[in-house]
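Below, each chain spelled out in residue letters.
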Amino acid sequence: VRNLIEPRDFTTEELSRLFDLADDIISNPRKYMDVCKGYVLASLFFEPSTRTRLSFETAMNRLGGRVVGFSDAKVSSTSKGESLVDTLRTVENYADICAMRHPKDGAALLATKYLKTMPIINAGDGAHNHPTQTLTDLLTIRHYKGRFDNLKIGFCGDLKFGRTIHSLVRAMNRYDNVKFVFISPEELKMPKIFKSELPENSYTETDDLEGSIKDLDILYMSRVQKERFVSEEEYVRLKDFFILNKEKLDLAKKDMIVMHPLPRVNEISYDVDDDERAVYFQQAKFGMYVRMALIMTLLGLEA
Ligand code: CP
């Protein structure tokens, strides 16, 4: 059984094939409309989601398959005390593939130890990883930049808790001459564990967005992750530390792109949305196509 728990579960060659498939689905959607006929996706979301859940479910629907699941842990029997493992062993009897989001780091990996037939896709585990967001992000980068090598990427905001950032840094670190600029307040710096995986001279750290933006090929903005804070007061103090507006974007290169996994709270002004460098809604659209390609790949299906 093939799972996707963290971004490096796929080699860069496998990723290229996945993105080629996603591109073909974008160009020829009708070719794929019955590929998953007779297959069932379990969509188990123990944490809130708009994009990830709906894009997974739409992806399966567009491939001709069916979806079961829940979007609120309170309606599952875990609320009566059932363990995650027992829940998944039960769902394995009903579904062919499962996308799961869970608040605990490592929940998806734990699940793989007990399952025999049902591939697990990690749709976000705590502050740890979000590999299908990474697939979304990489497809977006490939579309707008045409390459993964020789890019300078600024990650701005909550680098401590931002699992989409942790996963994308891991994924981009496999390409040549990628430079990372980690832009955050002191309290929300990139965790040491992720920095320790990077070549020493491949990253810099700063709290100066205006001073950093002019050299970037990609600016990846992120929300301060309210749900991971112990102190509400600390969240309120940090939540608006960076706000990207038109004035700051004017300092950037003409071909820089602004990405954001969404949801946005206040960190990008609405006046930025009309700038052609703002690609975050297109990014969310790529998420559906890449999840279609992923479901097909993990189920071993072809059009
Ligand atoms: N990007 C992302 O994971 O969004 P949702 O939380 O809405 O799924």
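Residues numbered from 1 in each chain as written. Predicted model: local features only at pLDDT ≥ 70, side-chain atom pairs only at ≥ 80, totals over all residues. Heavy atoms only, no water.

Time to look at the sheet that holds strand S9 (residues 257-259). Here we have 5 strands laid out as an open sheet, ordered S7-S6-S5-S8-S9, and parallel in their pairing. Looking at strand neighbours, the two that pair on one side only are strand S7 (203-206) and S9, the edges of this open sheet. Adjacent strand axes in the sheet meet at a mean angle of 20°, parallel and antiparallel pairs treated alike. With 4 bridges joining them, strand S6 (residues 179-183) and S7 adopt parallel strand pairing. Residue pairing across strands places Ile183 opposite Thr206, the latter belonging to S7. Sheet strands touched by helix H6 (residues 163-172): strand S5 (152-156), S6 and strand S8 (218-221). Its angle to S5, the strand with the most contacts, is close to 165°. (Pairing = 2+ DSSP bridges. Helix = DSSP H or I, 4+ residues; strand = E, 2+ residues; numbered from the N terminus. Axes fitted to C-alpha atoms, helices over the stretch in contact; angles between N-to-C directions. Contact = heavy atoms within 4.5 Å.)

Turning our attention to helix H5 (residues 131-145). Under the 1.5 Å per step criterion, the end-to-end length of H5 is 20 Å for 15 residues, consistent within 8% with the ideal 21 Å. Extensive coverage of H5 is indicated by the burial of 12 of its 15 residues. For H5, the set of buried residues is Pro131, Thr132, Gln133, Thr134, Leu135, Thr136, Asp137, Leu138, Leu139, Thr140, Ile141 and Lys145. In the segment just after H5, Gly146 is the residue with positive phi, at about 75°. (Expected span 1.5 Å × (residues − 1). Buried < 20%, exposed > 50% of the residue type's maximum accessible area, 1.4 Å probe, protein only.)

Take a negative patch on the surface next. A cluster of acidic side chains, namely Asp207, Asp208, Glu210, Glu247 and Asp250, defines a negative patch on the protein surface. Residue placement: Asp208 occurs in the loop between S7 and helix H8 (209-212). (Patch = residues over 30% accessible without salt bridge, like charges linked within 9 Å, V, L, I, M, F, W, Y side chains within 5 Å. Areas by Shrake-Rupley, 256 points an atom, 1.4 Å probe, with all protein chains shown as cover. Salt bridge = Lys/Arg side-chain N within 4 Å of Asp/Glu carboxyl O. Lys, Arg positive; Asp, Glu negative; His and termini not counted. Charge placed at Lys NZ, Arg CZ, Asp CG, Glu CD.)

The next thing to look at is empty space enclosed by the protein. Inspection of every chain in the model, using the stated rule, returns 3 cavities of 30 Å³ or more. As for the largest cavity, its lining consists of Cys156, Gly157, Pro185, Met221, Ser222, Val224, Leu238, Lys239, Phe241, Phe242 and Glu267. For the lining of the largest cavity, a count of residues per class yields 7 nonpolar, 2 polar and 2 charged. Estimates place the volume of the second largest cavity at around 50 Å³. (1 Å grid on protein atoms, 1.4 Å probe; cavity = no way out; pocket = protein on both sides within 12 Å on 5 of 7 lines; lining within 4 Å. Points joined across faces, edges and corners; volume = space filled by probe spheres on them. Nonpolar A, V, L, I, M, F, W, Y, C, P; charged D, E, K, R; others polar.)

Glancing now at the pairing of strand S3 (residues 97-102). The buried count for S3 comes to 6 of 6 residues, which makes it a mostly enclosed element. Judged by which residues are buried, S3 turns out to be covered on both faces: Ile97, Ala99 and Arg101 on one side and Cys98, Met100 and His102 on the other are all buried. Here 5 bridges tie strand S1 (residues 40-45) to S3, and the two strands are oriented parallel to one another. Each residue of the ladder has a partner; that of Leu44, found in S3, is Met100. Here S3 runs beside strand S4 (residues 120-125); their pairing, made up of 4 bridges, is parallel. Of the residues in S4, the one forming a bridge with Met100 is Asn122. In terms of handedness, the path from S3 via helix H4 (residues 107-112) over to S4 forms a crossover that is right-handed. (Right-handed = clockwise from strand over helix to strand, strands pointing away.)

Backbone hydrogen bonds are what pair the strands of a sheet, in a parallel or an antiparallel way. Taken in spatial order, the 4 strands make up an open sheet running S2-S1-S3-S4, and their pairing is parallel. With one partner strand each, in any of the chains shown, strand S2 (66-70) and S4 form the two edges of the open sheet. Strand-to-strand, the axes of this sheet are offset by a mean angle of 15°, without reference to chain direction.

It is at 9 Å that the axes of H5 and H6 come closest, and there the two elements cross at 55°. If you check the angle between H5 and H6, you find them oblique. Relative to H6, the crossing made by H5 is right-handed. Within the contact between the two elements, H5 uses Pro131, Gln133, Thr134, Asp137, Leu138 and Ile141 and H6 uses Thr164, Ser167, Leu168, Ala171 and Met172. (Parallel < 35°, antiparallel > 145°, perpendicular 65-115°, else oblique. Left-handed = near helix turned anticlockwise from the far one by under 90°.)

Aromatic rings considered in pairs are described by the distance between their centres and by the relative angle of their planes. This model, assessed by the stated rule, comprises 12 aromatic pairs. Each ring, one from Phe155 and one from Phe182, has its centre 6.2 Å from the other, and the planes form 40°; the classification is tilted. Residue Phe155 is located in strand S5, and its partner Phe182 is located in strand S6; the two are separated by 27 residues in the primary sequence. With centroids separated by 5.4 Å and ring planes inclined at 45°, the aromatic side chains of Phe155 and Tyr220 adopt a geometry described as tilted. Of this pair, Phe155 sits in strand S5 while Tyr220 is found in strand S8, placing the two residues 65 residues apart along the sequence. Tyr220 shares its class with Phe155; the two are buried. The residue whose ring lies beneath Arg2 is Phe10, and the NZ or CZ to ring-centre distance is 4.4 Å. (Phe/Tyr/Trp six-rings, centres within 6.5 Å; stacked < 30°, edge-to-face > 60°. Lys NZ or Arg CZ within 6 Å of the ring centre and 35° of its normal.)

In the vicinity of the ligand, the contacting residues are Ser49, Thr50, Arg51, Thr52, Arg101, His130, Gln133, Pro261 and Leu262. Contacts to the ligand include Thr50, whose backbone N or O atom sits 2.8 Å from an oxygen atom. Contact with the protein chains covers 92% of the free accessible surface of the ligand, which is 260 Å². Here the ligand is seated within the largest pocket. (Near = heavy atom within 4 Å. Polar contact = N/O pair within 3.5 Å; in protein donor to acceptor, adjacent residues only side chain to side chain. Sits in = over half its atoms within 2 Å of the grid points.)

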